[in-house]
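# Remarks on the overall topology
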Amino acid sequence: MTDSTTPYGFATRAIHAGQEPDPTTGSVIVPIHATSTYAQDGVGGLRQGYEYSRTGNPTRTALEQCLASLERGKHGRAFSSGMGATDTALRAMCRPGDHVVIPNDAYGGTFRLIDKVLSHWGVEHTPVALSDVDAVRAAIRPNTKVVWVETPTNPLLNIADIAAIAEVAHHAGAKFVVDNTFASPALQTPLELGADVVLHSTTKYVGGHSDVVGGALITSDSELDAAFGFLQNGAGAVPGPFDAWLTLRGLKTLELRMDKHSDNAELVVEALVKHPKVKKVLYPGLPTHPGHEVAAKQMRRFGGMISFIVDGGEEAALAVCSRTKLFTLAESLGGVESLIEHPGKMTHASTAGSMLEVPSDLVRISVGIESGDDLVADLLEALG
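Procedures and definitions
Residues numbered from 1 in each chain as written. Predicted model: local features only at pLDDT ≥ 70, side-chain atom pairs only at ≥ 80, totals over all residues. Heavy atoms only, no water. Helix = DSSP H or I, 4+ residues; strand = E, 2+ residues; numbered from the N terminus. Buried < 20%, exposed > 50% of the residue type's maximum accessible area, 1.4 Å probe, protein only. Polar contact = N/O pair within 3.5 Å; in protein donor to acceptor, adjacent residues only side chain to side chain. Axes fitted to C-alpha atoms, helices over the stretch in contact; angles between N-to-C directions. Left-handed = near helix turned anticlockwise from the far one by under 90°. Contact = heavy atoms within 4.5 Å. Nonpolar A, V, L, I, M, F, W, Y, C, P; charged D, E, K, R; others polar. Parallel < 35°, antiparallel > 145°, perpendicular 65-115°, else oblique. Pairing = 2+ DSSP bridges. Expected span 1.5 Å × (residues − 1). Arc of directions from axis to C-beta. Domains from an automatic or database assignment. Buried area = accessible area lost by both parts, 1.4 Å probe. UniProt positions renumbered as here; feature names shortened; annotations may be inferred. Core = buried A, V, L, I, M, F, W, Y, C linked by side-chain atoms within 4.5 Å.

Right, let's talk about the side chain of threonine 153 for a bit. Checked against the element boundaries, threonine 153 lands in the loop between strand S4 (144–150) and helix H6 (162–171). Using a relative accessible area of 2% as the deciding quantity, one classes threonine 153 as buried. A distance of 2.6 Å separates a polar atom in the side chain of threonine 153 from a polar atom in the side chain of aspartate 105. Among the polar contacts made by the side chain of threonine 153, one reaches the main-chain amide nitrogen of asparagine 158 at a distance of 2.8 Å.

Have a look at this one:
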């Protein structure tokens, strides 16, 4: 069931991969193995390979196997947060003096880690427009070890051609990582397009209910997985069994939720495009989006994330964020409820003054799975 070549469909794998009925009780739901340690049958006599829950836990194993199956990978590793997964990936693949290519509109937390933390460790980076494959090629140096991609990007919803950049990265001898948080494996599977590693903040669409924080790394490269596993255990950024269980529960409805997120986003986009107080809508599902053709090629649908630029500058953008009733003013995204935020002062404040600074008149929304007409009405009222 967990093999990357299994013929089962996405929804079947989401419900069954890594989740056989419990052999002791017959429970159809994976138990929460709330234990820190495991009895051994003599010194070194491990039962099913478990000795200590930082190193391995059966609930976490079920989650990791399911994530690997959904991303069509061979190996999955779960972490206590998306940033824990990001830090592990970069430290496993980079050493002092190495270089990383990143999006010029990367998630603020990713930029902060690379620019403010790993830079002290001697890791260099170059921000580049990932929608421009030639620009990516030009940014690669002899010491480039990783090309790091988000697609769609956060918060400008730019699109990177995964297959094309994979070819560029591999030609240069670099590893290629795709942050698939915005799309989720329900809409996009980067490993099948040439990525070496897929990263998720499982806090978002994978968990889907705004009640758990987590991250994941999925790969089919056994050497990379071993390096991730060493740091997962050695640095200890692991999820507890209840967090793993909540995330696994979220995966079961991921495909259904992503379809509803996408349905609602399309309704919202249609309304925003027509509104006189909206200067521009950023959504890859729009035929006018510069990355629409690539997105249509590599994504099943276009997801539930939308950004838009408000007429009237920062003050007007902040006013819209303060007026919604169904869209809750909050950071994060990908939950069943709709959220609204001002990236420049919230999720991407760490990019202020840098090449990655986001427009001050930009609003980002995570469209939930409420009744679509209600969400449209809420935004229209907030816009005035």
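Read on for the rest.
We now examine the packing of helix H2 (residues 58–70) against helix H8 (residues 241–251). Remark: H2 packs on H8, axes separated minimally by 8 Å, with the N-to-C direction vectors making an angle of 35 degrees. In the packing of H2 onto H8, the handedness of the crossing is left-handed. Contacts between H2 and H8 involve Thr59, Arg60, Ala62, Leu63, Cys66, Leu67 and Leu70 on the former and, on the latter, Pro241, Ala244, Trp245, Thr247, Leu248 and Leu251. Looking at the contact of H2 with H8 residue by residue, the classes come out as 10 nonpolar, 2 polar and 1 charged.

Where helix H9 (residues 254–274) meets helix H12 (residues 372–383), the closest approach of the two axes is 9 Å, and the angle between their N-to-C directions is 30 degrees. It follows from the interaxial angle that H9 and H12 lie roughly parallel. Crossing hand, H9 versus H12: right-handed. Between H9 and H12, the contacting residues are Asn264, Leu267, Val268, Ala271 and Leu272 on the first element and Gly372, Asp373, Leu375, Val376, Leu379, Leu380 and Leu383 on the second.

Attention now moves to the sheet that holds strand S10 (residues 328–329). Taken in spatial order, the 5 strands make up an open sheet running S8-S9-S12-S11-S10, and their pairing is mixed. Strand pairing shows two members of the sheet lacking a second neighbour, strand S8 (278–282) and S10, which therefore form its edges. Across 4 bridges, the pairing between S8 and strand S9 (residues 305–310) is antiparallel. Paired with leucine 282 across the two strands is serine 307, which belongs to S9. Running over the sheet, H9 touches S8, S9 and strand S12 (362–366) and is turned about 10 degrees from S9.

What follows concerns helix H7 (residues 222–235). Taking 1.5 Å of rise per residue, the 14 residues of H7 would be expected to cover 20 Å, and the 20 Å separating its terminal C-alpha atoms lies within 8% of that figure. Of the residues making up H7, those classed as buried are Leu224, Asp225, Phe228, Gly229, Leu231 and Gln232. The arc that holds every buried residue of H7, seen down its axis, measures 170 degrees, which confines them to one face. In H7, the exposed positions angled more than 90 degrees off the buried face are occupied by Glu223, Phe230 and Gly234.

Domain parsing of the protein chain yields domain 1 (10–250) and domain 2 (256–383). On a C-alpha basis, the centroid separation for the pair domain 1 and domain 2 is 25 Å. In this assembly, 37 residues from domain 1 lie in contact with 40 residues from domain 2. With both sides pooled, the region where domain 1 packs onto domain 2 buries about 2900 Å², and carbon together with sulfur makes up 63% of that total. It is Leu157, Leu187 and Tyr205 that lose the most area in domain 1 upon contact with domain 2, and together they represent 26% of the buried surface on that side.

Let's shift gears to the sheet that holds strand S1 (residues 75–79). If you trace the 7 strands from one edge of the open sheet to the other, you get S1-S7-S6-S5-S4-S2-S3, paired in mixed fashion. What marks the edges here is a single partner per strand, and that holds for S1 and strand S3 (124–128). Neighbour to neighbour, the strand axes of the sheet diverge by 20 degrees on average, direction disregarded. With 5 bridges connecting them, S1 and strand S7 (residues 215–219) associate as antiparallel partners. Residue pairing in the sheet places alanine 78 in a bridge with alanine 216 of S7.

Within this structure's numbering, the places UniProt gives as "modified residue: N6-(pyridoxal phosphate)lysine" (unreviewed entry) are Lys204. The residues touching lysine 204, leaving out its near neighbours within four places in the chain, are Thr181, Ser332, Leu333 and Gly334.

The biggest cluster of nonpolar side chains holds 80 residues, and the ones touching the most others in it are Val147, Phe176, Ile306, Phe308 and Ile365. In terms of residue count, the dominant contributor to this core is H9 (7 residues). Viewed by domain, this core spans two of them, domain 1 (10–250) and domain 2 (256–383), each represented by three or more residues. With sequence-adjacent residues up to four places away left out, isoleucine 365 is seen in contact with Val268, Leu272, Gly304, Met305, Ile306, Phe308, Phe327, Leu339, Ile340 and Leu379. Phe111, Val146, Trp148 and Leu199 belong to the second-largest nonpolar core, a separate cluster that totals 25 residues.

A few words on H9. Between the first and last C-alpha of H9 there are 30 Å, a value that for 21 residues agrees with the 30 Å anticipated at 1.5 Å per step. Listed in full, the buried residues belonging to H9 are Leu254, Arg257, Met258, His261, Ser262, Asn264, Ala265, Val268, Val269, Ala271 and Leu272. On the buried face of H9, the contacting elements are helix H1 (10–16), H8, S8, S9, S12 and H12.

The next thing to look at is the environment of aspartate 243. With respect to the helices and strands, the residue aspartate 243 is situated in helix H8. Placed 180 residues apart in sequence, aspartate 243 and leucine 63 show a C-alpha to C-alpha distance of 10.0 Å.

Quick look at unusual backbone geometry now. Along the chain, threonine 151 connects to proline 152 via a cis peptide bond; the corresponding omega equals -5 degrees. In this structure, proline 152 sits in the loop between S4 and H6. Of the consecutive residues asparagine 154 and proline 155, the connecting peptide bond is found in the cis state with omega at 15 degrees. Take proline 155: it is sitting in the loop between S4 and H6. Not every positive phi belongs to a glycine, and serine 184 is a case in point at roughly 70 degrees. Mapping serine 184 onto the fold places it in the loop between strand S5 (175–179) and strand S6 (197–200).

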